[in-house]
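Chain by chain, the residues:
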Amino acid sequence: MNTATSDIAARLKAIPTASISDAMDSLGIHGTLHGLAPLTYNFRIGGPSFTVQYEAAGSERGSVGDFLDDVPPGAIVLIDNHARTDVTVWGGIMTEIAAARGIGGTVINGVCRDLNAALRQNYPLFSRGRFMRTGKDRVRLVAVNAPVTINDVEISPLDIICGDADGALAVPAARAEEIAEIAERIEDVEARIIEAVKAGSTLVQARADLGYHDLQWRKA
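Each value, and the rule that gives it
- Residues numbered from 1 in each chain as written.
- Predicted model: local features only at pLDDT ≥ 70, side-chain atom pairs only at ≥ 80, totals over all residues.
- Heavy atoms only, no water.
- Core = buried A, V, L, I, M, F, W, Y, C linked by side-chain atoms within 4.5 Å.
- Buried < 20%, exposed > 50% of the residue type's maximum accessible area, 1.4 Å probe, protein only.
- Contact = heavy atoms within 4.5 Å.
- Phe/Tyr/Trp six-rings, centres within 6.5 Å; stacked < 30°, edge-to-face > 60°.
- Helix = DSSP H or I, 4+ residues; strand = E, 2+ residues; numbered from the N terminus.
- Salt bridge = Lys/Arg side-chain N within 4 Å of Asp/Glu carboxyl O.
- Disulfide = S-S within 2.5 Å.
- Pairing = 2+ DSSP bridges.
- Right-handed = clockwise from strand over helix to strand, strands pointing away.

Q: When you look at the nonpolar core in this model, what are you seeing that I'm missing?
A: If you look at soluble globular proteins, the nonpolar side chains tend to sit buried side by side. Of all hydrophobic cores here, the largest spans 38 residues; its most connected members are Leu-33, Phe-67, Ile-79, Trp-90, Val-107 and Ile-155. Sequence-distant contacts of Ile-155, defined by excluding residues within four places in its chain, comprise Leu-33, Ser-49, Thr-51, Leu-78, Ala-146, Pro-147, Val-148, Ile-150, Ile-161 and Ala-170. One finds Ile-15, Val-171, Ala-176 and Leu-215 within the second-largest nonpolar core, a separate group that totals 24 residues.

Q: Honestly, the packing of aromatic side chains in this entry has me stumped. Any pointers?
A: Think of a pair of aromatic rings as described by two things: how far the centres are apart, and how the planes are tilted against each other in angle. Inspection of the entire model under this criterion finds two aromatic pairs. Geometrically, the ring pair formed by Phe-50 and Phe-67 is stacked, given 6.2 Å between the ring centres and 25° between the ring planes. Here Phe-67 lies in the loop between β2 (45-56) and β3 (76-80) and Phe-50 lies in strand β2, a separation of 17 residues in the sequence. Across the pair, exposure class does not vary: Phe-50 and Phe-67 are buried alike. Relative to Tyr-123, the ring of Trp-90 has its centre 6.0 Å away and its plane inclined at 5°; by these criteria the two rings are stacked. Taken as a pair, Trp-90 in the loop between β3 and α3 (92-100) and Tyr-123 in the loop between α4 (115-121) and β5 (125-127) lie far apart in primary sequence, 33 residues in all. With respect to class, Trp-90 is no different from Tyr-123; both count as buried.

Q: Where do I start with the pattern of salt bridges in this structure?
A: Where charged atoms of side chains with opposite charge meet at close range, the side chains can pair. Inspection of every chain in the model, using the stated rule, returns eight salt bridges. Across the salt bridge formed by Glu-96 and Arg-120, the nearest N and O atoms sit 2.6 Å from each other. Within this pair, whereas Glu-96 is found in helix α3, its partner Arg-120 is found in helix α4, the two being separated by 24 residues in sequence.

Q: Which parts of the structure should I look at to understand the state of the cysteines?
A: Chemically, a disulfide is nothing more than a covalent bond linking the sulfur atoms of two cysteines. Counting across every chain of the model gives zero disulfides. With no disulfide of its own, Cys-112 has Cys-162 as its nearest cysteine by sulfur position, at a separation of 20 Å. Looking at Cys-112, the relative accessible area reads 2%, which means it is buried.

Q: Would you explain the pairing of strand β9 (residues 160-164) in this entry?
A: In summary, the side chains of a regular strand alternate between the two faces of the sheet. Taking burial as the measure, the five residues of β9 include five buried ones, the bulk of the element. Neither face of β9 is exposed, since Ile-160, Cys-162 and Asp-164 on one face and Ile-161 and Gly-163 on the opposite face are all buried. As paired elements, β2 and β9 share four bridges and run antiparallel to each other. From the neighbouring strand, Pro-48 faces β9, where its bridge partner is Ile-160. Bridge count between β9 and strand β10 (residues 167-171): five bridges; the pairing is antiparallel. Residue pairing in the sheet places Ile-160 in a bridge with Val-171 of β10. What sits between β9 and β10 in their antiparallel hairpin is a turn of two residues.

Q: Explain unusual backbone geometry here, please?
A: Leaving glycine aside, a negative phi is the common case for residues, and trans is the common case for peptide bonds. Phi is positive for Asn-145, close to 55°, though the residue is something other than glycine. Position of Asn-145 relative to the elements: it lies in the loop between β6 (139-144) and β7 (148-150). Asn-145 sits in the partly exposed class, given a relative accessible area of 38%. Phi is positive for Asn-151, close to 55°, though the residue is something other than glycine. Relative to the assigned elements, Asn-151 resides in the loop between β7 and β8 (153-155). The exposure class of Asn-151 is partly exposed, given its relative accessible area of 27%.

Q: Any chance you could explain the pairing of β3 here in plain terms?
A: Of all five residues that make up β3, five are buried, and the element is covered over most of its length. Of the two faces of β3, the one holding Ile-76, Leu-78 and Asp-80 and the one holding Val-77 and Ile-79 are both buried throughout. Looking at chain direction, β2 and β3 are connected through five bridges and run parallel. Across the sheet, residue Val-52 finds its bridge partner in β3, namely Ile-79. Relative to strand β4 (residues 105-109), β3 runs parallel, the two being bridged by five bridges. Note that in β4 the partner of Ile-76 across the bridge is Gly-105. For the crossover from β3 across α3 to β4, the handedness is right-handed.

Okay, here's the thing in structure tokens:
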């Protein structure tokens, strides 16, 4: 990961996904990954995506996880298993290795298993749920580091994946700095509204004074 990517990923990781989503709304960018939730509420991620695509194995044998040797530290593994919840594509061995290598987390359009390993390692996992049935010989790897589409969101390698207690989203790399700047401004305005109300202002007046209702308004 180069320095510029690392810096913008760190900025985005520090911002709640709610504010990032609002910033993207203001720019007309759809990046929310509906239905993908963290295993536990204290998990937080922010890093460039390492994309993985699976499909049903059919009569061919398939394996799960061999791509892991190629994932750089700090990257977020983004796996598309077409929202399947009947077979898992991430388990305990992968969690242990990813945590040891400093990988930033995993987001799965599908399910995971061996949750105790993730909790023990404090390794961030986001998915559609959990299930014990292996994907080995039931799915096969189709592509690595190629664009994937999840919930109508097209995600390219190195797009920034962010996640917290509210869920996960994808920030286009080409717009990441712009989105971070707007999201940071939203965070600042919301903090100032709270301060103003605590100091005696009404919520209506504080929102009006600080332009709250324009924050998510889509720019022309």
